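Examination of the molecular architecture
Here's the letter readout for the chains.
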Amino acid sequence: MHTVPSPAQIAHRLLPAAREPGREGTAFASANIALCKYWGKRDEALKLPLTGSLSISMGTLGTRMTVRPAAADCLQMQGEVFAADHKVARRLFGFLDLLRPPGLCLEVESENTIPMGAGLASSASAFAAAVRAMEALFGWDLPPRSRSILARLGSGSACRSLERGFVEWLPGEAADGMDSYGVGLAPPWPELRVGVLTLSEAEKPVGSTEGMRRTVETSRLFDAWPAQVARDLPRIRAAVMAGDFHALGAAAEQNALSMHATMIAAWPPILYWRPETVAALHRVHALRAAGLPVYATLDAGPNVKLLFPVSARADLLAAFPDLLIATP
Ligand code: PMV
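Source: prediction; values computed, not measured.

**Things to note about the site of the ligand**
Around the ligand, the structure places 14 residues, and the nearest of them are Tyr38, Ser155, Ser157, Arg160 and Ser208. Between the ligand and Tyr38, the relevant distance is 2.9 Å, taken from an oxygen atom to a main-chain nitrogen or oxygen of the residue. For the ligand, an oxygen atom lies 2.7 Å from a polar atom in the side chain of Arg160. Expressed as a share of its isolated accessible area of 380 Å², the protein-covered part of the ligand is 94%. Considered class by class, the residues forming the shell around the ligand number six nonpolar, five polar and three charged.

**Things to note about the side chain of Asn112**
Tracing the backbone through its elements, the reader meets Asn112 in strand E7 (residues 105–112). Here Asn112 falls in the buried class, since its relative accessible area comes to 8%. Within the structure, the side chain of Asn112 is placed 2.6 Å from the side chain of Thr63, a separation counted as a polar contact.

**Concerning the nonpolar core**
Counting 43 residues, the largest nonpolar core has Leu96, Leu99, Val108, Met134 and Leu150 as its most contacted members. When residues in this core are grouped by element, the largest group, eleven residues, is from helix H3 (residues 122–138). With near-sequence residues (within four places) excluded, Leu99 lies in contact with Leu15, Arg19, Ala130, Val131, Met134, Phe138, Trp140 and Leu150. Ranked by size, the runner-up nonpolar core spans 41 residues in total, among them Tyr38, Phe245, Tyr295 and Ala326.

**Quick word on helix H4 (residues 144–154)**
Think of an α-helix as turning once every 3.6 residues; residues three or four places apart then point the same way. Summarising burial for H4: nine of the eleven residues are buried, a large majority. Residues of H4 that are buried: Ser146, Arg147, Ser148, Ile149, Leu150, Ala151, Arg152, Leu153 and Gly154. Packing partners of the buried residues in H4 comprise helix H1 (7–14), strand E3 (48–49), helix H2 (87–99), H3, strand E8 (166–170) and strand E9 (181–186).

**Remarks on the packing of H1 against H4**
Remark: H1 packs on H4, axes separated minimally by 10 Å, with the N-to-C direction vectors making an angle of 160 degrees. Relative to H4, the element H1 lies roughly antiparallel. H4 is crossed by H1, and the crossing has left-handed handedness. Along its contact with H1, which presents Pro7, Ile10, Ala11 and Leu14, the element H4 presents Ser146, Ile149, Leu150 and Leu153.

**Some remarks on the packing of aromatic side chains**
Tallied over the entire structure, the rule returns five aromatic pairs. Centre to centre, the rings of Phe95 and Phe127 are 5.0 Å apart; their planes meet at 85 degrees, and the pair counts as edge-to-face. Residue Phe95 is located in helix H2, and its partner Phe127 is located in helix H3; the two are separated by 32 residues in the primary sequence. Assessed through its relative accessible area of 6%, Phe127 is described here as buried. Arranged with centres 5.5 Å apart and planes meeting at 55 degrees, the rings of Phe166 and Trp189 form a pair that is tilted. Of the two residues, Phe166 sits in strand E8 while Trp189 sits in the loop between E9 and strand E10 (192–197), which places them 23 residues apart along the sequence. Trp189 shares its class with Phe166; the two are buried. Over the face of the ring belonging to Phe320 we find Arg283, whose NZ or CZ atom lies 5.6 Å from the ring centre.

Conventions used here
- Residues numbered from 1 in each chain as written.
- Predicted model: local features only at pLDDT ≥ 70, side-chain atom pairs only at ≥ 80, totals over all residues.
- Heavy atoms only, no water.
- Near = heavy atom within 4 Å.
- Polar contact = N/O pair within 3.5 Å; in protein donor to acceptor, adjacent residues only side chain to side chain.
- Areas by Shrake-Rupley, 256 points an atom, 1.4 Å probe, with all protein chains shown as cover.
- Nonpolar A, V, L, I, M, F, W, Y, C, P; charged D, E, K, R; others polar.
- Helix = DSSP H or I, 4+ residues; strand = E, 2+ residues; numbered from the N terminus.
- Buried < 20%, exposed > 50% of the residue type's maximum accessible area, 1.4 Å probe, protein only.
- Core = buried A, V, L, I, M, F, W, Y, C linked by side-chain atoms within 4.5 Å.
- Contact = heavy atoms within 4.5 Å.
- Axes fitted to C-alpha atoms, helices over the stretch in contact; angles between N-to-C directions.
- Parallel < 35°, antiparallel > 145°, perpendicular 65-115°, else oblique.
- Left-handed = near helix turned anticlockwise from the far one by under 90°.
- Phe/Tyr/Trp six-rings, centres within 6.5 Å; stacked < 30°, edge-to-face > 60°.
- Lys NZ or Arg CZ within 6 Å of the ring centre and 35° of its normal.

Here it is in structure tokens:
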């Protein structure tokens, strides 16, 4: 019997041996929104998914990160200094431990162009930016697959934030997860837009790791989830390739609502929706019934994201004046 390697052992395998840092490294990574969702892990330590997933990048919405050698670890986020024992700092430096030689302290500056912890997957862009910033600091030239696997060790969905456009996360089968990473599928359609309706910036009551664990363990509806993904993923992939907006939107909306159904059926229930969430969904359905090309998707939080062609932009801004629009 062989044992599963630790995240540190995986990182060691993927990183070049020569590890002399330069003065600083800076990088940007876009957030991504899953059109076919990742929900449920087959390995928590290595963040390996039970199923595949597929996302679209969020253009200029993401994280810019700078890392530089320093006398002590220090994190500045949106200009605010985070104490080393703050949970955000602990998680980030714990991840950076995988990428840095022992004893190297780092000053990290991170700027998000999206609100944190509100289900907008700012962790995905942060961990992807961290990998790229460390790559710049050390002058590595990592193969795309290694970059994606390393980002995945920070946050699963981060493995989809290394490429622009549509990205598919191949779930893999190997126990060490060396076959579980994101691959760029196609460039973004020029006319596709993703809108973010920030309905609540409150920190989510249940994080994605706990949410997934609870859903897998207690939701009978989760038994149907792999079959749902097996149906939706090929539909979404085909719609991406064919440039078929309505097929893409319909499959993505059904996939997101199915994921939420599995969570709602967990115990204790995971109900991320606020009254504003339900109202926004009804509004989207009414606009669609009136002929507007728009579909909704939601992640682990109360906020609703809209998929639409740029031609619907003015009508959607009239309906949702606060809509934040990304060009993937
Ligand atoms: O990578 P995590 O742990 O932030 O999980 C992301 C989960 C969802 O956003 C709900 C779905 C997804 O595929 O991004």
